[in-house]
Amino acid sequence: MSVIDKIKRKVNGFEISTKITLGYAACFVTLLAVINLAMWLGVMSALYVPAERTITRSMEHIEKVFAALEMNYMSFDPNAFRGALVAGVVLRAVDERGEVFIDTDENYPSNEMFEAGLLKNPPIFANADFDVAKIGSALIYRNEMDYTHDGETVTLYFFRTITSELILLENLEKSLLMLDVLGVLLAIGLGYALSRKILTPIKTMNELAREIAFEKMGGRIPLGTADDELNELAKTLNEMLDRLQGGISKQQKFVSDASHELRTPAAVIKGYIDFIETYGTADEALLKENLKVIGSEAQNMQALLENLLFLSRTDQHRQKLNKKILDLDDIVGDVMSKMKTVVKTHKVELVKNMPAKIFGDETTIRQMMRIFLDNAVKYTPEGGSIKVSLAVYGEEILLSISDSGIGIAPENQKKIFSRFFRVDSEDLVSEANGSGLGLSIAKWIADNHEIKIFVASALGKGTTFTLRIPKAN
Ligand code: ADP
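Let me sum up the structure you'll find in this document. (Residues numbered from 1 in each chain as written. Predicted model: local features only at pLDDT ≥ 70, side-chain atom pairs only at ≥ 80, totals over all residues. Heavy atoms only, no water.)

With respect to the overall build of the chain
Which entries qualify depends on this criterion: What counts as a helix is a DSSP run of H or I of at least four residues, what counts as a strand is a run of E of at least two, and both are numbered from the N terminus. Only the C-alpha atoms count toward the radius of gyration. The rule for a globule is 2.2 Å times the residue count to the power 0.38. Exposure is judged per residue with a 1.4 Å probe applied to protein chains only, and the accessible area is read against the type maximum: over 50% gives exposed, under 20% gives buried, and values in between give partly exposed. Two residues qualify as a contact provided that any one of their heavy atoms is within 4.5 Å of a heavy atom in the partner residue. Throughout, the Shrake-Rupley method with a 1.4 Å probe supplies accessible areas, and for residues the shown protein chains are the sole cover considered. The sign given to each residue is positive for Lys and Arg and negative for Asp and Glu; His and the chain ends receive no count. By convention, charge coordinates are those of NZ in Lys, CZ in Arg, CG in Asp, or CD in Glu.
Counting its secondary structure elements, the chain contains ten helices and twelve strands. Taking 23 Å as the expected radius of gyration for a compact globule of 473 residues, we find that the chain reaches 53 Å, considerably beyond that expectation. Expressed as lengths along the three principal axes of its C-alpha atoms, the size of the chain is roughly 160 × 60 × 45 Å. Counting every position in the chain, which comprises 473 residues, the buried fraction comes to 34%. Partitioning the contacts of the chain with sequence separation of at least 6, the portion at a separation of at least 24 is 64%. When the accessible surface of the chain is summed, it comes to about 29,500 Å², and 58% of that surface belongs to carbon and sulfur atoms. For the chain, the separation between the mean place of its 54 positive charges and that of its 63 negative charges on side chains is 14 Å.

Structure, rendered in structure tokens:
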């Protein structure tokens, strides 16, 4: 494994806050290094470049003085040399015997001192043709040229102080370095504290997620005031928990309601069987009566179970609909004629049955019609009337089922489509038995066919359910 891979592995194991801090610290260090380097290069070239330029300029001037001297050697004037120097440059001329015969500044460090302080490895800013010496706290630049006349050669040295504030510069460098280290440490410390604070909501989310269980869904992530991504995430998670909790409690209620509904027929059946066991089967008439009750309760149970299974399929999106173009008038006619043969206690009438094509699933459309018709019979006292009408108005098909029954109070008209809802009233027709699931199934079928259901009802007068069904294209 390469070193890079090893580092990557190590970093992957860090907390996010550590990773962020390290990332920022690395950026900060790089930035500081670039700024420091640029500053150093700037300061150094600001020191060396002018010194080099003044020496070079002075040497050019001196060359001109020598050229003039060649023309007229008798006019030699030491002051001409002095005047050729750019301010700050010191000239020292040495003859073949090593004697100094021109020195424009006698207080300037001697040639020997310069040789002693000569830097073996001058910095990169220094011109390679020049010499650099460190004398005391000063850096001095030097260049030289030879001049030969009449077989005698003299050497001219040009000096210029690069800086006399070397110690100050070095101190400045040290304190800058210390400040850099301090800055980096501070950036790491502050960065770590800040990223930990920013990431606190994630920690809370993690702890909460660990605590949440099926039976313990109440916890929510506390929301901050900031309008940032983490707060947004916390909000989304809280909303998701709300939805899950809602779904779970609905499911729990469904299971408990279903068990409750199943308990009654089971208890009735058990009661009758106990009765038969206790009193025997001698009385044939009584036995038949009991078996009839048991049979009817078992039928209720079966119907209830069918309904429960239907709803559970819809909840799991498993209820299949096989939609095609249907002649609704044929279905209505068929359902009504069957009903007429079965229901003898009520006046059943098909008032209008206009031809109407719809796009739907025949089985569930029939099931929905039967739910409304069964209810009309159940909640209408014997002798009452039930009227059905199928009419087409433009693009709309209206199917209405009216009864002259007990009616539904306005406050209950919305609730009747909820699962297990039943109107609790003493006026209810005595034999009306049901579990409160019929209309919720009818509503699901209607919704899945884009059918709208309207209820018009008056207590004691009757109820009309009108279905607005879209025409098939
Ligand atoms: P149920 O099995 O109780 O009939 P439904 O879901 O079909 O369940 O109906 C829910 C409730 O709505 C019924 O219990 C009844 O109180 C009321 N209801 C439904 N249809 C009618 C109607 N035609 N007339 C009066 N009340 C009705």
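Comments concerning the site of the ligand
Our working rule: One heavy atom within 4 Å of a molecule or strand is enough for the residue carrying it to be called near that molecule or strand. N or O atoms closer than or at 3.5 Å make up a polar contact, with two conditions inside protein: a donor-capable atom paired with an acceptor-capable one, and, for residues adjacent in sequence, both atoms drawn from side chains. Three classes are used, and their members are as follows: Ala, Val, Leu, Ile, Met, Phe, Trp, Tyr, Cys and Pro are nonpolar, Asp, Glu, Lys and Arg are charged, and the others, Gly among them, are polar.
Near the ligand lie 18 residues; those nearest to it are Asn-375, Lys-378, Tyr-379, Arg-422 and Leu-439. One of the side-chain N or O atoms of Asn-375 is found 2.8 Å from an oxygen atom in the ligand. Separating an oxygen atom of the ligand from a side-chain N or O atom of Lys-378 is a distance of 2.9 Å. In isolation the ligand has 530 Å² of accessible area, and contact with the protein removes 97% of it. Of all elements in the fold, only helix H9 (362–378), helix H10 (438–447) and strand S12 (462–470) reach the threshold of two or more residues within the shell around the ligand. Tallied by class, the residues present in the shell around the ligand amount to eight nonpolar, seven polar and three charged.

So, the sheet that holds strand S4 (residues 138–149)
This is how it is decided: Following DSSP output, two strands are said to pair if at least two bridges run between them. Axes here refer to lines fitted to C-alpha atoms; in helices the fit is confined to the stretch in contact. Angles between the N-to-C directions go from 0 to 180 degrees.
Strands sit in the order S2-S1-S5-S4-S3 across an open sheet of five strands; the sheet is antiparallel. Of all the strands in the sheet, the pair left with one neighbour each is strand S2 (100–103) and strand S3 (131–135). Direction aside, the axes of adjacent strands within the sheet are offset by 25° on average. In terms of strand pairing, strand S1 (residues 90–94) meets S2 through three bridges, oriented antiparallel.

Quick word on the sheet that holds strand S9 (residues 385–393)
By definition, the strands of a sheet pair up through backbone hydrogen bonds, in either a parallel or an antiparallel sense. One open sheet accounts for five strands, arranged S7-S9-S10-S12-S11; its pairing is mixed. One side of each edge strand has no neighbouring strand; the edge strands of this open sheet are strand S7 (347–353) and strand S11 (452–458). Pairwise comparison of adjacent strand axes, ignoring direction, gives a mean angle of 10° for this sheet. In this structure, S9 lies alongside strand S10 (residues 396–403), joined through eight bridges in antiparallel fashion. Bridge assignment links Ala-391 to a residue of S10, and that residue is Leu-398. Packing against the sheet, helix H8 (residues 328–342) makes contact with S7, S9, S10 and S12, and its axis sits at approximately 165° to S7.

Section: the pattern of salt bridges
Heads up, the condition is: In the sections that follow, a salt bridge refers to a side-chain nitrogen of Lys or Arg positioned within 4 Å of a carboxyl oxygen of Asp or Glu.
Evaluation of the coordinates by the stated rule reveals 17 salt bridges. The partner of Asp-257 in a salt bridge is Lys-253, and the shortest N-O contact between them spans 2.8 Å. Linking Asp-257 with Lys-253, this pair stays in helix H6 (residues 229–279), spanning four residues, or about one helical turn. On the accessibility criterion, Lys-253 (48% relative accessible area) is partly exposed. Two residues, Arg-468 and Glu-396, come together in a salt bridge whose shortest N-O distance is 3.5 Å. Here Glu-396 lies in strand S10 and Arg-468 lies in strand S12, a separation of 72 residues in the sequence.

Things to note about the nonpolar core
Convention followed: For this analysis, a nonpolar core means a set of buried residues of the types Ala, Val, Leu, Ile, Met, Phe, Trp, Tyr and Cys, connected via side-chain atoms within 4.5 Å. Where a domain begins and ends is set by an automatic assignment or by a domain database.
Grouped together as the largest cluster of nonpolar side chains are 47 residues, with contacts concentrated most on Leu-328, Met-368, Phe-372, Leu-373 and Leu-399. Elements supplying a minimum of two residues to this core: H6, helix H7 (284–315), H8, H9, S9, S10, H10 and S12. If one sorts the elements of this core by residue count, H9 sits on top with seven residues. Mapping this core onto the domain boundaries places at least three of its residues in each of domain 2 (229–315) and domain 3 (323–470). If sequence neighbours within four positions are ignored, Leu-399 has contacts with Val-332, Met-369, Val-388, Ser-389, Leu-390, Phe-465, Thr-466, Leu-467 and Ile-469. By size, the runner-up hydrophobic cluster in this structure holds 30 residues, among which are Met-44, Ala-51, Ile-102 and Val-154.

As far as function goes, none of this settles anything; it's purely spatial.
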